[in-house]
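The lines below spell out each chain.
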Amino acid sequence: MTLALTERERAVADGADGAAASMAMRILAETGRLLGAKRLIPVVSAHIDGAVYHGDSGVYFGERLREGGGKVAVPTTLNVGGLDLVNHTVRQTTHGHDMALRLMRAYEAMGCRPTWTCAPYQAGHRPKAGEQVAWGESNAVAFCNSVLGARTNRYGDFLDICCAILGRAPDYGLHRAENRRATVLVDVTALPDRLKPLDVLYPVLGYWYGQTIGNSIGVVAGLAPDMTEDQLKAFGAASASSGAVGLFHIAGVTPEAPTVEAALGNRKPESVIRLNPADLRAIRDRLSNATASRIDAVALGSPHFSNEEFRQLETLLAGRRVGIPFFVCTGRDVVRKLEAEGRAATLKESGVTIVADTCVVVAPILPEKVGALMTNSGKFAHYMPSNTGYGVIYGSLEDCVESAMSGAVRRDEQVWS
Amino acid sequence: MSAERRSNLRGDVQIAGTAEGKVLKLRQPISFWGGVDQKSGRIADPRHPDHPASVKGTVLVLPGMIGSSSSSYVMAELMMDGNAPAALILPEPDAILALGVMVAAEMGWGSIPVLLLPRAEQAALETGMRVRIAENGLIQGVK
């Protein structure tokens, strides 16, 4: 396994562009070598997951890059941070607050856009189909590859900023066309048509897909061509939580799957998986680990809520006030829009806490006394128990709103019968 | 297991180095992020069969690679605080934990050997054995 650097890349490694670029090049080249890449390729944008505080080491690393003159070479957005710098909803120790802030500021100082959202693709960062990029955060990676058709591997903490500083990534995996073909046919044609317009279906379907497919690439056949962007977002986020899904295809919907045959590269699938609608309720139940009849909180917005999702929430609230803590996580660009239109104040009056820049599973935000919580997010359902201690009940957005009125669990079970 | 066979055990070197320690051979794959406490090195996931053992100072043998890419961060944090394993033995190439080791080395927090050893050959290693790892990837039992 050898990775060949160009003359220019070798010069960068030797310090031609400063200490930060040199360190980034050493790390990137070494990682590329371990992964079997033969070379580095240019990327046109990056999305960084490494600026959320998990401990002091990441702060020192970010500051070392910044002090070494690190500047991103391509347009770069930031995933969530460890603090809410807009609405200040995070409880932190003094040390934790200081370090989380230092980490966020170091990445901003390197020229990353302070988007602080896990849905950058809904905050104006949308690379074109076929473009090579370096993105982190599992749901953003899945959306970027699958829905936008741009090409990235799952770049994690440390590596994402190295790629951004150098404008380069190791040439392997999903950067290469031959690795993007579906090999598994996932046949959901037996799904009743009445379910397909319902948002509540997609986290459930995505969670099942991720558990079933592991790290293979599948093409889903049998969904409606008018799937919304928020449904694709929910499907991808759930699938990337339960499995190692970096790319999925949906026939007639996603850009590399105009047809099932095209997604399969006109070859026979190596395996075929069929969804039995009789299993749907049991699959839905995998998203819940609590069976309580009362909930203590609601959490929405993983990935971050879009403006359109806030519209749906406002319609369902219809001016009513919720009776339990109710959190919605979103990006600061959406908060600005809600504030400019006077909607943020109305939501607050309804008892809704808007969390910006971060989210309730990566920062201490939820009430300290843990209990049961309802969410419409497959990703929250997956990470909530281990990260927060809360038990989870999965429901539709409407279920969440209705249950939040008094705390008594109300779910529309007819959907699944 | 004979001493002779032990001395033939050799991993493919991902990151070179020397180490000595007791083997902790995980019975299931683990995601360091969410699975290992970054402050102590203890296995924090109560559903993991090796909970609550600590990875600190062990020659950690992993049967598979799963989980979040934030595991690189947890690995770097363990290295910085001196709570990391003495060596990693992985079944297949994977950049996530190795990346945490590389970052630690760049930051001056030390380094540890990272070796590849296919699962079939991992059978020669058992939890509690004391082994020494050489620069060239040789894994030898220590009395």
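Structure first, text after, so check above.
Residues numbered from 1 in each chain as written. Chains lettered and ligands numbered in written order. Predicted model: local features only at pLDDT ≥ 70, side-chain atom pairs only at ≥ 80, totals over all residues. Heavy atoms only, no water.

Before going further, it helps to spend a moment on the packing of helix 8 (residues 229-242) of chain A against helix 14 (residues 378-388) of chain A. All names here are of chain A. Between helix 8 and helix 14, the shortest axis-to-axis distance is 7 Å and the interhelical angle comes to 30°. As the angle between them shows, helix 8 and helix 14 are arranged roughly parallel. Note on element contacts: helix 14 touches helix 8 through G378, K379, H382 and Y383, opposite A237, A238, S241 and S242. (Axes fitted to C-alpha atoms, helices over the stretch in contact; angles between N-to-C directions. Helix = DSSP H or I, 4+ residues; strand = E, 2+ residues; numbered from the N terminus. Parallel < 35°, antiparallel > 145°, perpendicular 65-115°, else oblique. Contact = heavy atoms within 4.5 Å.)

Attention now moves to the sheet that holds strand 4 (residues 87-90) of chain B. All names here are of chain B. Taking strand neighbours across the sheet as the criterion, the 7 strands line up as 1-5-4-3-2-6-7 in an open arrangement whose pairing is mixed. Of all the strands in the sheet, just strand 1 (12-15) and strand 7 (139-141) have a single pairing partner and so form its edges. Between one strand axis and the next, the sheet turns through 30° on average, direction left out of account. Taken together, the 3 bridges between strand 1 and strand 5 (residues 114-116) define a ladder with antiparallel strand orientation. Looking across to strand 5, one finds that D12 is bridged to L116. (Pairing = 2+ DSSP bridges.)

Residue and element names in this part refer to chain A. Burial runs high along strand 12 (residues 352-356): 4 of the 5 residues are buried. Of the pairings in the sheet, the one linking strand 11 (residues 326-330) to strand 12 comprises 5 bridges and is parallel in character. For C329, the partnering residue across the bridge sits in strand 12 and is V355. (Buried < 20%, exposed > 50% of the residue type's maximum accessible area, 1.4 Å probe, protein only.)

On to the state of the cysteines. Residue and element names in this part refer to chain A. All chains considered together, the criterion is met by 0 disulfides over all chains. Left unpaired, C359 is separated from the closest cysteine sulfur, that of C329, by 5.2 Å. Looking at the unpaired C400, the closest cysteine sulfur is the one in C329, lying at 12 Å. Classification of C400 as buried rests on a relative accessible area of 0%. (Disulfide = S-S within 2.5 Å.)

Next up on the list: the interface of chain A and chain B. In this assembly, 30 residues from chain A lie in contact with 21 residues from chain B. Buried area between chain A and chain B, both sides added, is near 2300 Å², and the carbon and sulfur share of it is 64%. When the buried surface of chain A facing chain B is broken down by residue, A:L34, A:H54 and A:F158 rank first, second and third, together holding 29% of it. Our count for the chain A to chain B interface comes out at 1 salt bridge. Ionic pairing is found between A:R26 and B:E106, a salt bridge with its closest N-O pair at 2.7 Å. Residue assignment for the side of chain A that touches chain B shows that the elements contributing at least two residues are helix 2 (19-35), helix 3 (56-67) and helix 14 of chain A. The element that contributes the greatest number of residues to the side of chain A that touches chain B is helix 2 of chain A, accounting for 8 residues. Tallied by class, the residues present in the side of chain A that touches chain B amount to 13 nonpolar, 9 polar and 8 charged. (Buried area = accessible area lost by both parts, 1.4 Å probe. Salt bridge = Lys/Arg side-chain N within 4 Å of Asp/Glu carboxyl O. Nonpolar A, V, L, I, M, F, W, Y, C, P; charged D, E, K, R; others polar.)

All names here are of chain A. Relative to the helices and strands, G81 resides in the loop between strand 3 (76-78) and helix 4 (94-109). In this structure G81 comes out as buried when scored by relative accessible area, which is 0%. A sequence separation of 103 residues divides G81 from V184, and the C-alpha atoms of the two residues are 36 Å apart. Residues within four places of G81 in sequence aside, it is in contact with A51, V52, M104, W116, D357, T358 and V362.

Moving on, we come to the pattern of salt bridges. Think of it this way: side chains of opposite charge can pair up when their charged atoms draw near. All names here are of chain A. Evaluation of the coordinates by the stated rule reveals 34 salt bridges over all chains. With a shortest N-O distance of 2.8 Å, R320 and E402 are connected by a salt bridge. You can see R320 sitting in the loop between helix 11 (307-317) and strand 11 and its partner E402 sitting in helix 15 (residues 397-406), a full 82 residues away along the chain. A residue is classified by how much of its surface remains accessible, and R320, at 31% relative accessible area, is partly exposed. Overall, the relative accessible area of 18% leaves E402 in the buried class. Note that K337 is salt-bridged to E341, the shortest N-O span being 3.0 Å. With a relative accessible area of 36%, K337 lands in the partly exposed category. One salt-bridge network, held together by shared partners, links R281, R284, D285, R411 and E413.

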